[in-house]
Amino acid sequence: MGKGRKVSGGVTRRSFLKVAGSGAALTEVLTGCRPSAEVAVAEEQPQVATKVSVTLRVNGKSHRLQLEPRVTLLNALRHHLHLTGAKPVCDRGECGACTVLMDGKPIYSCMLLAVDADGHEITTVEGLAQDGRLHPLQAAFVEKDALQCGFCTPGFIMAALGLLRENKNPTLEQVRAALSGNICRCGVYTRIFEAVLEAAKKMQGRA
Amino acid sequence: MHSFDYRAPKDLEETLEEAAHWGEKGRLLAGGTDLILFMERGRLRPEVVIEVPRTEPFTTLEETNGMIRIGARVTMGQLEHSPLIREKLPVLSQAAGEVGSVQIRNLATIGGNIVTASPAGDTLPALLVLDAQLMLQKKGSLRTVPIDQFFLGPGQTVREPDEVLTEVRVPVKGDRFVTQFYKLAVRSYMDIAIVDVAIGVYTNGDGAVEDARIALGSVAPTPIRAREAEERLKGQVPTETLIDEVALLAQKASSPITDQRGSAEYRWLMVYRLTKRLLTNALLNSSASGHR
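J.: How would you sum up the overall build of chain B? Please name residues and give values.
T.: The secondary structure content of chain B amounts to 11 helices and 14 strands. Relative to a compact globule of 292 residues, whose C-alpha radius of gyration would be 19 Å, chain B shows 19 Å and is just as compact. Taking all 292 residues of chain B together, the buried fraction comes to 54%. Long-range pairs, those at least 24 residues apart, make up 60% of the contacts in chain B between residues at least 6 apart in sequence. Accessible area for chain B stands at about 12,600 Å²; split by element, carbon and sulfur atoms hold 48% of it.

J.: Give me the packing of aromatic side chains: which residues, what numbers.
T.: All names here are of chain A. Within the structure shown, the criterion is met by 3 aromatic pairs over all chains. Considering the side-chain rings of F156 and Y189, the 6.1 Å spacing of their centres and the 70° angle between planes classify their relative orientation as edge-to-face. With F156 in helix 6 (residues 153-166) and Y189 in helix 8 (residues 189-203), this residue pair connects regions lying 33 residues apart in the sequence. According to the relative accessible area criterion, F156 is buried, its value standing at 0%. Residue classification places Y189 among the partly exposed residues on the basis of a relative accessible area of 29%.

J.: An account of the pattern of salt bridges is requested, with residue identities and associated values reported.
T.: Residues and elements named next belong to chain B. Evaluated as defined, the whole model comprises 37 salt bridges over all chains. As a salt-bridge pair, D148 and R225 come within 3.3 Å of each other at their nearest N and O atoms. With D148 in the loop between strand 7 (141-146) and strand 8 (151-153) and R225 in strand 14 (residues 224-225), this pair connects stretches of sequence that are 77 residues apart. A salt bridge links R225 to E230, with the nearest nitrogen and oxygen atoms 2.7 Å apart. For the pair shown, R225 and E230 are each scored as buried. Each member of the salt-bridge network shares a partner with another, and the members are D131, K173, D211, R213, E231 and K234.

J.: Tell me about the interface of chain B and chain A, and please be specific about residues and values.
T.: Between chain B and chain A, the residue contacts involve 27 residues of the former and 30 residues of the latter. A buried area of about 2,400 Å², summed over both sides, lies between chain B and chain A, and 59% of it is on carbon and sulfur atoms. Counting across the chain B and chain A interface gives 2 salt bridges. Inspection of the chain B/chain A interface yields 10 residue pairs in polar contact (both at pLDDT 80 or more). Elements supplying a minimum of two residues to the side of chain B that touches chain A: strand 1 (5-7), helix 2 (35-40) and helix 6 (102-105) of chain B. Of the residues assigned to the side of chain B that touches chain A, the class counts are 12 nonpolar, 8 polar and 7 charged.

J.: Residues and numbers for the confidence of the model for chain B, please.
T.: In low-pLDDT segments, the atomic positions of the prediction should not be examined closely. Summary statistics for chain B give a mean pLDDT of 95 and a share of 98% for residues scoring 70 or more. Note on the complex model: pTM 0.89, ipTM 0.93.

J.: I'd love a proper account of the nonpolar core, names of residues and values included.
T.: Core analysis: the largest hydrophobic core is formed by 81 residues, its most contacted members being A:L56, A:L73, B:I70, B:L92, B:I114, B:L127 and B:V168. Top contributing element to this core by residue count: helix 8 (residues 123-129) of chain B, with 5 residues. If we ignore the near neighbours within four places in the chain, the residues touching B:L127 are B:L92, B:I110, B:I114, B:A132, B:I147 and B:V168. Counting residues in hydrophobic clusters, the runner-up holds 29 residues, among them B:A220, B:M270, B:V271 and B:L283.

J.: Before we move on, can you summarise the sheet that holds strand 5 (residues 67-71) of chain B with the specific residues and values?
T.: Residues and elements named next belong to chain B. If you trace the 5 strands from one edge of the open sheet to the other, you get 4-5-10-6-7, paired in antiparallel fashion. Only two strands of the sheet have a single partner each, and these edge strands are strand 4 (61-64) and strand 7. On average, each strand axis in the sheet is inclined to that of its neighbour by 25°, with strand direction left out of account. Examined bridge by bridge, strand 4 and strand 5 share 4 bridges and lie antiparallel to one another. From the neighbouring strand, T64 faces strand 5, where its bridge partner is M67. Contacts between helix 1 (residues 12-22) and the sheet are confined to strand 6 (133-138) and strand 10 (164-171), with strand 10 contributing the most and set at about 125° to the helix.

J.: Pulling in residues and values, what's your account of the sheet that holds strand 6 (residues 105-108) of chain A?
T.: All names here are of chain A. Spatially, the 5 strands line up as an open sheet ordered 4-3-7-5-6, and their pairing is mixed. Every interior strand has two partners, whereas the edge strands, strand 4 (61-67) and strand 6, have only one. Direction aside, the axes of adjacent strands within the sheet are offset by 40° on average. Where strand 3 (residues 52-58) meets strand 7 (residues 121-123), 2 bridges bridge the pair, whose relative direction is parallel. When the bridges of strand 7 are listed, V58 appears paired with I122. Of the strands in this sheet, strand 5 (99-102), strand 6 and strand 7 touch helix 6, which is tilted by about 35° from strand 5.

J.: Account for the side chain of B:T60, naming residues and giving values.
T.: Residues and elements named next belong to chain B. One can find T60 in the loop between strand 3 (48-51) and strand 4. Under the relative-accessibility criterion, T60 is labelled buried at 1%. Within the structure, T60 has its side chain in polar contact with the side chain of E56 (distance 3.1 Å). Leave out the neighbours within four places in its chain, and T60 touches R69, I70, G71 and V74.

J.: Tell me what's going on with the packing of helix 6 of chain A against helix 8 of chain A, and back it up with residues and numbers.
T.: All names here are of chain A. Close contact between helix 6 and helix 8 brings their axes to 11 Å; oriented N to C, the two are set at 40°. As summarised for this structure, helix 6 and helix 8 are arranged oblique, according to the angle between their axes. Along this stretch, helix 6 crosses helix 8, giving a crossing that reads as right-handed. Residue-level inspection shows F156, A160 and L164 of helix 6 in contact with helix 8, the latter providing Y189, I192, V196, A199, A200 and M203. Here the residues of the contact of helix 6 with helix 8 sort into 9 nonpolar, no polar and no charged.

J.: Hey, could you go over the domain arrangement of chain B for me, with residue numbers and the actual values?
T.: All names here are of chain B. Each domain of chain B was delimited in the assignment, giving domain 1 (1-50 + 57-172) and domain 2 (177-283). In this structure, domain 1 and domain 2 have C-alpha centres spaced 24 Å apart. Of the residues lining the interface, 25 residues belong to domain 1; the matching set on domain 2 comes to 25 residues. Approximately 1,900 Å² of surface area, both sides summed, lies buried where domain 1 meets domain 2, with 63% of it carried by carbon and sulfur atoms.

Parameters and conventions
- Position numbers for residues count from 1 along each chain, tracking the sequence in the order it is written.
- In the order they appear in the text, chains get letters beginning with A and ligands get numbers beginning with 1.
- With pLDDT at 70 or above as the cut-off, local features in this predicted model cover only qualifying residues; side-chain atom pairs require 80 or more to be listed or tallied, and sums for whole chains, interfaces and linings still use all residues.
- Heavy atoms from the whole structure form the basis of all side-chain values; hydrogens and water molecules are not counted.
- Note on conventions: DSSP H or I runs of at least 4 residues are helices, E runs of at least 2 residues are strands, and numbering of each starts at the N terminus.
- Computation of the radius of gyration draws on C-alpha atoms alone. For the globule rule, the value is 2.2 Å times the number of residues to the power 0.38.
- Each residue is assigned to one of three classes by its accessible area relative to the maximum for its type, calculated with a 1.4 Å probe on protein chains only: buried under 20%, partly exposed between the two thresholds, exposed over 50%.
- Whether two residues touch is decided by their heavy atoms; if any such pair falls within 4.5 Å, the residues are in contact.
- In these tables, accessible area is a Shrake-Rupley quantity obtained with a 1.4 Å probe, and a residue counts as shielded only by the protein chains included in the view.
- Stacked, edge-to-face and tilted are the three classes for Phe, Tyr and Trp ring pairs, Trp counted by its six-membered ring, which pair at centre distances within 6.5 Å; planes under 30 degrees apart are stacked, over 60 edge-to-face, the rest tilted.
- Every case where a carboxyl oxygen of Asp or Glu lies within 4 Å of a side-chain nitrogen of Lys or Arg is listed as a salt bridge.
- Note on definitions: buried area is the accessible-area loss of two parts on being combined, 1.4 Å probe, summed for both.
- Identification of polar contacts relies on pairs of N or O atoms within 3.5 Å, with a donor-acceptor requirement for protein atoms, meaning one able to donate a hydrogen and the other able to accept it, and with residues adjacent in sequence counted only if both atoms are side-chain atoms.
- Think of it as three bins: nonpolar holds Ala, Val, Leu, Ile, Met, Phe, Trp, Tyr, Cys and Pro, charged holds Asp, Glu, Lys and Arg, and polar takes everything else, Gly as well.
- pLDDT runs from 0 to 100 and stands for how confident the predictor is about each residue.
- We call a set of buried Ala, Val, Leu, Ile, Met, Phe, Trp, Tyr and Cys residues a nonpolar core when their side-chain atoms join them within 4.5 Å.
- In this analysis, strands are considered paired if DSSP registers two or more bridges between them.
- Lines fitted to C-alpha atoms define the axes, with helix axes restricted to the stretch in contact, and inter-axis angles between N-to-C directions lie between 0 and 180 degrees.
- Throughout this description, any angle smaller than 35 degrees is read as roughly parallel, any larger than 145 degrees as roughly antiparallel, any in the 65 to 115 degree range as roughly perpendicular, and the remainder as oblique.
- Here a crossing is called left-handed whenever its near helix is offset anticlockwise from the far helix by less than a right angle, and right-handed whenever the offset is clockwise.
- Where each domain begins and ends follows an automated or database-derived domain assignment.

Right, dumping it as structure tokens:
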């Protein structure tokens, strides 16, 4: 956990994409998604480095980074810690794909400067599975087939986790309200709500 | 996003120093849900971003001597869930709970909602109804500005660049002050208001209105109070005809524009309709509590 998945010979999928990344079309073929997220890697490199020291505590581990103040938590997670579970989609706090927990509460990581997250406990989707076993929420999403393309899924799971930490036995309406800040373009909402309700039952040992 | 320098003052004093030092070149960062977005889109390009610290008085949330003190960094989520705010200022708790999504409410702050001064800021009509006082502090001076004198236009306020909004103070008006809030929007969640209406009425034992507040959002360049409508209610025992008259006066106070969320005509009609509905509900609730 923590580093990108290896594809072969010690090259991560992301570092391979970064090398190959000048060909946006190749990125698109390999990932099946918009190339802009990968192209943004190049744009994010600071031209004038007035970097600050930031200690990010993510999924229980501390990481000391030197970052430009303008780097958002989302970009720090993806480009500096190689945790790509949180996704950039709208990059303006509307779609929820970048949702992570800060001190147990769901937030949009695209709307927070990484330096502002210093000293706070960040949890990303990579931090949920323990010893190779999926978190009950993740397992429920698989069981209920609560995804199609899967791009929004980590955001939905983190928002749902935020809800279940505060409310162990939510109603359907409470689930809908808690997930209203997340968009699923495939439209799998019904199954997502079922998965969250199922996970709530499992986590209370009622199923 | 453009490159900027970052300052993280430790306390109020250091924040005032930084604000004084950078003036218009600096920008205060609280929750960031507006500022990060404005910078991401290039609408604001401050040289320096000064983070408002998560310390007292910016994080204060308490009642002292009949006054509720809300620090500028208190989040929408805190206002939504705080037992104190839910009990004593339900109209603010409700308005805060209708801002954005859970993820936004966990970051966005009351100070940010006020200073950003959007005509559609959801907590602003609620704060107008509550006679909120804004504490604006700079090096060596402190002034208190009533919220109805704070807004000048969209994004424009009487705050000077070196002034820091430290906290909001709200007098507790007691059980006889009954409030209502309604946010009209297309989606139930995660939407910007087409019209916001907040109402507060203070009735005496005989059912006459002693004092009233009617505040509107998203229908003028700033959130506004419908003062003529409020005046019309005072001293009166409300009837259906009077409520209708008051709702028309509220409508007259608004000056809505047409945008992608709704036409000026629609907003105009809804101000009348919602004022009438909320005022009726508030008066019914206050007479119900009067019989206890």
